[in-house]
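Each chain is listed here by its residues.
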Amino acid sequence: MSLPDASEPFLAVSHHDTANAIRALAMDAVEAAGCGHPGMPMGMADVATVLFTRFLRYDAAEPDWPDRDRFVLSAGHGSMLLYALLYLTGYPDIDIDEIKNFRQLGSRTAGHPEYGHARGIETTTGPLGQGFGNAVGMAIAERHLAACFGDDLVDHRTFVLASDGDLMEGISHEAASLAGHLRLNKLIVLFDDNGVSIDGPTDLSVSDDQIARFKSYGWNAEDIDGHDADAIAAAIARAENADRPSLIACRTTIGYGAPNKQGTAATHGAALGAEEVAAAREALGWTSPPFEIPGDILMSWREAGRRGAGRRAAWTARLGSRNGAEAEEFRRAMNGELPENWDDGLIAFKRGLADEAPTWASRKSSQEVLEVINPAVPETVGGSADLTGSNNTKTGTLDLMSADNYGGRYIHYGVREHAMGAVMNGMALHGGIIPYGGTFLVFTDYLRPALRLSALMGKRTIHVMTHDSIGLGEDGPTHQPVEHLASLRAIPNLAVFRPADAIETAECWALALERADGPSVIALTRQGLPPVRAEHTEANLCAGGAYELSPATSRAKVTVIATGSETAIALEARSKLEEDGIPTRVVSMPCQELFDERPQAERDEILRPDTVRIAVEAAAALGWERYVGDAGAVIAMESFGASAPGKELFPHFGFTAEAIVDAAKARLA
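Calculation criteria
Residues numbered from 1 in each chain as written. Predicted model: local features only at pLDDT ≥ 70, side-chain atom pairs only at ≥ 80, totals over all residues. Heavy atoms only, no water. Salt bridge = Lys/Arg side-chain N within 4 Å of Asp/Glu carboxyl O. Helix = DSSP H or I, 4+ residues; strand = E, 2+ residues; numbered from the N terminus. Buried < 20%, exposed > 50% of the residue type's maximum accessible area, 1.4 Å probe, protein only. Polar contact = N/O pair within 3.5 Å; in protein donor to acceptor, adjacent residues only side chain to side chain. Contact = heavy atoms within 4.5 Å. Pairing = 2+ DSSP bridges. Axes fitted to C-alpha atoms, helices over the stretch in contact; angles between N-to-C directions. Core = buried A, V, L, I, M, F, W, Y, C linked by side-chain atoms within 4.5 Å. Parallel < 35°, antiparallel > 145°, perpendicular 65-115°, else oblique. Left-handed = near helix turned anticlockwise from the far one by under 90°. Nonpolar A, V, L, I, M, F, W, Y, C, P; charged D, E, K, R; others polar. Expected span 1.5 Å × (residues − 1).

## Some details on the pattern of salt bridges
The full count for this structure, using the stated rule, is 36 salt bridges. In this structure, the salt-bridge partner of Arg238 is Glu222, at a minimum N-O distance of 2.7 Å. Of this pair, Arg238 sits in helix H10 (residues 229–240) while Glu222 sits in strand E6 (residues 220–225), and the two are 16 residues apart along the sequence. The shortest N-O distance in the salt bridge between Glu566 and Arg498 comes to 2.5 Å.

## Structural notes on the side chain of Thr123
Here Thr123 shows up in the loop between helix H5 (96–100) and helix H6 (130–149). Since its relative accessible area comes to 4%, Thr123 is described here as buried. Side-chain polar atoms of Thr123 contact the side chain of Asn134, separated by 2.7 Å. If sequence neighbours within four positions are ignored, Thr123 has contacts with Val72, Pro113, Tyr115, Asn134, Met138, Leu429 and Met457.

## Comments concerning the sheet that holds strand E14 (residues 547–550)
Reading across the sheet, the 5 strands line up as E14-E16-E15-E17-E18 and stay open at both edges, with mixed pairing between neighbours. One side of each edge strand has no neighbouring strand; the edge strands of this open sheet are E14 and strand E18 (633–637). For this sheet the average axis-to-axis angle between neighbouring strands, irrespective of direction, equals 25°. Summarising the sheet, strand E17 (residues 612–620) and E18 pair through 4 bridges and their orientation is parallel. In the sheet register, Ile614 faces E18, and the bridge partner there is Ala633. Across the sheet, helix H27 (residues 657–668) touches strand E15 (558–562), E17 and E18, and the angle it forms with E17 is around 145°.

## As for the pairing of strand E8 (residues 380–384)
The two faces of the sheet receive side chains in turn, since in a regular strand these alternate between them. When you tally the buried positions in E8, you get 5 out of 5 residues, the bulk of the element. What you see with E8 is no split at all: Thr380, Gly382 and Ser384 on one side and Val381 and Gly383 on the other are buried throughout. Both E8 and strand E10 (residues 434–440) contribute to a ladder of 3 bridges, which runs parallel. Its bridge partner being in E10, Thr380 is matched across the sheet by Ile434. In this sheet, strand E9 (residues 410–412) lies alongside E8 in parallel orientation, the contact comprising 3 bridges. The partner of Gly382 across the bridge, within E9, is Tyr410.

## Focus: the nonpolar core
Counting 67 residues, the largest nonpolar core has Phe132, Ile140, Trp219 and Met427 as its most contacted members. Excluding residues that lie within four positions of it along the chain, Phe132 makes contacts with Ser74, Val160, Ala162, Leu167, Ser172, Ala175, Ala176, Val189, Phe214 and Trp219. Core analysis: the next-biggest nonpolar cluster, separate from the first, contains 65 residues, Trp509, Tyr547, Ile635 and Ala644 among them.

## Quick notes on the packing of helix H1 (residues 15–33) against helix H4 (residues 79–89)
Close contact between H1 and H4 brings their axes to 9 Å; oriented N to C, the two are set at 120°. Viewed along their axes, H1 and H4 adopt a mutual orientation that is oblique. Read as a crossing pair, H1 and H4 show a hand that is right-handed. Residue-level contacts link Ala21, Ile22, Leu25, Ala26, Ala29 and Val30 of H1 to Met80, Leu81, Ala84, Leu85, Tyr87 and Leu88 of H4. The class makeup of the residues in the contact of H1 with H4 is 12 nonpolar, no polar and no charged.

## Remarks on the side chain of Thr89
As for its placement among the helices and strands, Thr89 is situated in helix H4. At 2.6 Å, the side chain of Thr89 and the backbone oxygen of Leu85 are in polar contact. Beyond its immediate stretch of four places on either side in the chain, Thr89 contacts Phe52, Tyr58, Ala60, Trp301, Arg302 and Gly305.

## Concerning helix H18 (residues 417–430)
Here H18 contains 14 residues, and its C-alpha end-to-end distance of 20 Å stays within 8% of the 20 Å for a straight helix at 1.5 Å per residue. In terms of burial, H18 is largely enclosed, as 14 of its 14 residues are buried. In the segment just after H18, Gly431 is the residue with positive phi, at about 95°.

## Concerning the packing of helix H22 (residues 566–579) against H27
Interhelical geometry of H22 versus H27 gives an angle of 55° and a closest axis separation of 8 Å. With respect to each other, H22 and H27 are oriented oblique. When the axes of H22 and H27 are compared, the crossing they make is right-handed. Residues Ile569, Ala570, Glu572, Ala573, Lys576 and Leu577 of H22 form the contact with H27, whose participating residues are Ala657, Glu658, Ile660, Val661, Ala664 and Lys665.

Rendered as structure tokens:
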């Protein structure tokens with residue numbers, strides 16, 4: 001059977017009945033679970049039906065086809081819309097039993113879509129606005145990879161279904177502004193303009209003109225009747241031919257079809273109830289029992305799911321026609337594999353650092369490391385939130401990305417930390433890119449929700465966070481992080497690196513790049529650091545999270561554990577304690593998370609519980625108690641910082657070799 005053009009309808013039954021299949025599954029699944037959000041899936045069923053049967057380029061049998069269109073459900077609370085679509089179109093990971101097990105332990109159909117649970121779920125959404133930001137990142141990735149590999153391999157769109165809540169969240173402003181600036185014309189946002197939020201009508205809290213707002217960003221924007229299939233199709237067709245990103249405000253009725261509750265907040269976040277479900281079935285003309293889709297309707301949906309098979313096969317043939325090296329490079333990048341022998345230059349660079357012993361700030365060390373990494377790993381795309389000269393994230397080989405040069409590998413994010421984090425997630429989710437971005441460590445507060453989702457999804461994003469302590473000096477306590485390291489270390493699956501010198505910085509960068517299943521933060525200093533490693537090692541000593549940096553001259557009585565800029569202070573304290581006849585060793589712990597993964601026996605060998613252990617870090621003490629034990633001590637920040645030169649602040653707040661010596665002697669007495 002010949003396949004219709006992507007722009008033509010492919011429905012064996014009426015649009016009304018096809019869309020009602022989504023509504024029925026949403027009602028039934030939420031009712032069975034006793035909780036959920038039926039209103040949005042019922043309201044946006046018409047829009048989703050037009051998109052998935054007429055426009056979206058996908059092959060349900062091959063969900064991971066690299067050149068598929070991406071569909072992002074930013075309004076993640078309406079997850080049953082996505083699950084219904086995946087089941088109806090024949091995605092292999094969602095069958096009717098998964099629909100029946102909506103929101104149950106171990107099911108693929110979680111309350112909010114979770115990346116990795118089922119193919120077809122492009123990102124984890126639920127925290128509103130995050131999916132919107134991810135979609136901007138996916139659209140950037142598409143344009144960048146098209147510039148790198150050609151439109152014959154990379155030519156697809158990113159569609160987003162966004163709610164009023166998504167557009168209320170501040171991240172939507174940051175991300176939409178960036179998308180407009182970059183003229184991402186393959187980004188299309190379908191706004192569920194239903195006028196209802198959890199508290200009631202949206203006019204309780206907002207009176208924005210969203211059309212005018214998005215036009216001011218440089219978008220195309222229009223409003224349509226979200227229940228008129230022809231109007232929906234015409235608007236999407238216009239957006240597909242636009243020269244800039246598009247917002248289509250779809251005026252819908254939340255809970256469409258539920259005669260007594262539609263158009264009200266009662267359908268937003270609760271099951272409709274058996275009586276209202278029955279009434280909705282009657283109003284919609286849906287006579288099938290719960291979880292049953294009439295054969296002709298299901299067949300029509302399954303045909304829509306197969307509609308892209310020919311396009312996908314043609315793409316596969318084009319990839320196969322490329323010369324072997326080009327095709328392999330594309331596959332390698334999309335699979336997230338690092339180039340063969342990518343780290344040869346980095347190892348040679350480490351050897352040079354041991355010989356030269358530079359006293360660079362670790363942010364400078366990071367830039368020098370990137371000068372080696374970026375030519376060797378062509379899929380890195382860097383950026384900064386308006387702090388390029390401070391974060392040292394741009395290197396000489398990186399051109400700027402712009403609307404006129406999507407092949408550039410450096411993004412000026414502007415003062416948009418939150419969007420930067422979400423955009424980086426979107427690029428990582430798309431595949432083919434390893435994103436890194438920079439700001440000050442204190443401003444991780446602005447992007448924490450995106451960083452948390454990166455960890456939850458297990459995606460490789462690298463956050464270059466400079467100005468990591470009171471050592472930044474005169475900018476004062478508003479810019480001096482105190483609680484931030486402990487807060488970041490509390491996020492599961494996030495690796496927090498705090499290197500002590502240039503060699504450790506190189507090693508931490510290598511580990512962040514090799515860590516394909518989660519994000520990393522590299523916390524770096526503003527101030528210069530003396531080298532703490534004098535000899536070259538082929539092995540990456542930071543890979544274990546902690547290692548003995550300097551042994552005791554005889555059987556150790558004291559172990560000093562440090563990170564970052566405080567490591568040099570720990571070495572000075574060791575010298576003083578040794579002079580006083582107290583054998584002391586120093587452990588550098590650049591990454592607690594990697595250390596915690598090691599077997600207990602290895603951790604004990606490093607920490608030596610038979611010694612007095614002193615931990616020192618110019619940050620909050622929280623978490624360090626598990627490394628020093630009941631008899632140990634933690635020298636840490638107990639307040640906010642102050643505005644003064646960094647060299648004065650360290651002794652002012654007790655970060656001196658003498659303080660470490662005093663703490664050790666007090667516990668040996």
